[in-house]
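Listed below are the residues making up each chain.
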Amino acid sequence: QVHLVEFGGGLVQAGGSLRLSCAASGRTLSDYTMNWFRQAPGKEREFVAAVSWGGGWTYVADSVKGRFTISGDNAKNMVYLQMNSLKPEDTAVYYCAAALRHTGEYKYWGQGTQVTVSS
C-alpha cells in the first residue's frame, strides 16, 4: 500500500511559478515510478511528468516541456513538480500517482491539489 498526499497548489498570476509536492509513504516505494497528472474542468486527465526513485530518469510531456521540472528526494520520500511561466491553460487539479515499475499500472493516486492561473 502506498499513500500519496499532494500540496502546494494555489492561485497564481500568469507568468508566475508554483512548486507542487507529493509526500509518499508505504513499503517498497522503489517498486514504483512517480508521476504527475492534471485534469482541467471538462477535460480528460492528462499526463504531465514522471520520475524514477533516485532520479535516474525523468520525463516531461511536450505540453509543459521547458516550463515544468519533476524531481524526487529519496531520503524524504518526496516528489516535486516545479512549474514556471504558468499559463491560464495550466489551470487544473494536479494529481500525484505511483505506477508499478514492471507493469506501468498507475496503482495509487493522491487526492489532488488545485492550481489556478489567472490571466
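Keep in mind that this is a model prediction, so the values were computed, not measured.

About the criteria used
- Residue positions are counted from 1 within each chain, in the order its sequence is given.
- With the structure being a predicted model, the display of local features is reserved for residues of pLDDT at least 70 and the display and counting of side-chain atom pairs for 80 or more, all residues being used for whole-chain, interface and lining totals.
- Only hydrogens and water are removed before side-chain values are computed, so all heavy atoms of the structure are retained for them.
- Each Phe, Tyr or Trp ring (for Trp, its six-membered ring) is paired with any other whose centre lies within 6.5 Å, and the angle between the two planes then decides the class: stacked below 30 degrees, edge-to-face above 60, tilted in between.
- Helix and strand definitions follow DSSP, with helices as H or I runs of at least four residues and strands as E runs of at least two, each counted in order from the N terminus.
- Burial here depends on accessible area, computed with a 1.4 Å probe over protein chains only, as a share of the maximum for the residue type. Under 20% is buried, over 50% is exposed, and the range in between is partly exposed.
- Strands were regarded as paired on the criterion that DSSP finds at least two bridges between them.
- Axis definition: a line fitted to C-alpha atoms, limited for helices to the stretch in contact. Angles are taken between N-to-C directions and run from 0 to 180 degrees.
- Buried residues of nine kinds, namely Ala, Val, Leu, Ile, Met, Phe, Trp, Tyr and Cys, make up a nonpolar core once their side-chain atoms join them within 4.5 Å.
- Within 3.5 Å is the distance limit for a polar contact, defined as a pair of N or O atoms, with the added protein rule that one can donate a hydrogen and the other accept it, and that residues adjacent in sequence qualify only through two side-chain atoms.
- Contacts are residue-level and defined by heavy atoms, with any inter-residue pair within 4.5 Å sufficient.

A. Main features of the packing of aromatic side chains. Scanning all chains against the criterion turns up 7 aromatic pairs. On the numbers, 5.9 Å between centres and 65° between planes, the contact of Y32 with Y108 is edge-to-face. Of the two residues, Y32 sits in strand β4 (residues 32-39) while Y108 sits in strand β10 (residues 106-109), which places them 76 residues apart along the sequence. For Y108, a relative accessible area of 14% translates into the label buried. With a centroid separation of 4.9 Å and an interplanar angle of 90°, the aromatic rings of F37 and Y106 are classed as edge-to-face. Of this pair, F37 sits in strand β4 while Y106 sits in strand β10, and the two are 69 residues apart along the sequence.

B. The sheet that holds strand β1 (residues 2-7), seen in detail. The strand order across the open sheet built from 4 strands is β1-β3-β8-β7, with neighbouring strands paired in antiparallel fashion. Two strands bound the open sheet, and with one partner strand each, they are β1 and β7 (68-73). Between one strand axis and the next, the sheet turns by 15° as a mean value, whatever way the strands run. Of the strand pairs in this sheet, β7 and strand β8 (residues 78-83) are connected by 6 bridges, and their pairing is antiparallel. Counted as the bridge partner of F68 is M83 from β8.

C. Region of interest: unusual backbone geometry. At N77, a position not held by glycine, the phi torsion is positive, near 55°. Here N77 lies in the loop between β7 and β8. Positioned with a positive phi, S85 is a non-glycine residue whose angle comes to about 50°. By the element assignment, S85 lies in the loop between β8 and β9 (92-100).

D. Representation of the nonpolar core in the model. By size, the foremost hydrophobic cluster in this structure holds 33 residues, and its most contacted members are L4, M34, W36, L81, M83 and Y94. The biggest single contributor to this core is β9, with 5 residues.

E. Region of the structure containing the side chain of R38. The topology assignment puts R38 in strand β4. Overall, R38 belongs to the buried group, its relative accessible area being 7%. A polar atom in the side chain of R38 sits 2.9 Å from the side chain of D90. Contact partners of R38, with chain neighbours within four places excluded, come to E44, R45, E46, V48, S63, V64, F68, E89, D90, A92, V93 and Y94.

F. Inspection of the environment of G9 at higher detail. Tracing the backbone shows G9 in the loop between β1 and β2 (10-13). A sequence separation of 12 residues divides G9 from S21, and the C-alpha atoms of the two residues are 8.7 Å apart. For G9, the contacting residues outside a window of four places in its chain are L18, L20, T113, Q114 and V115.

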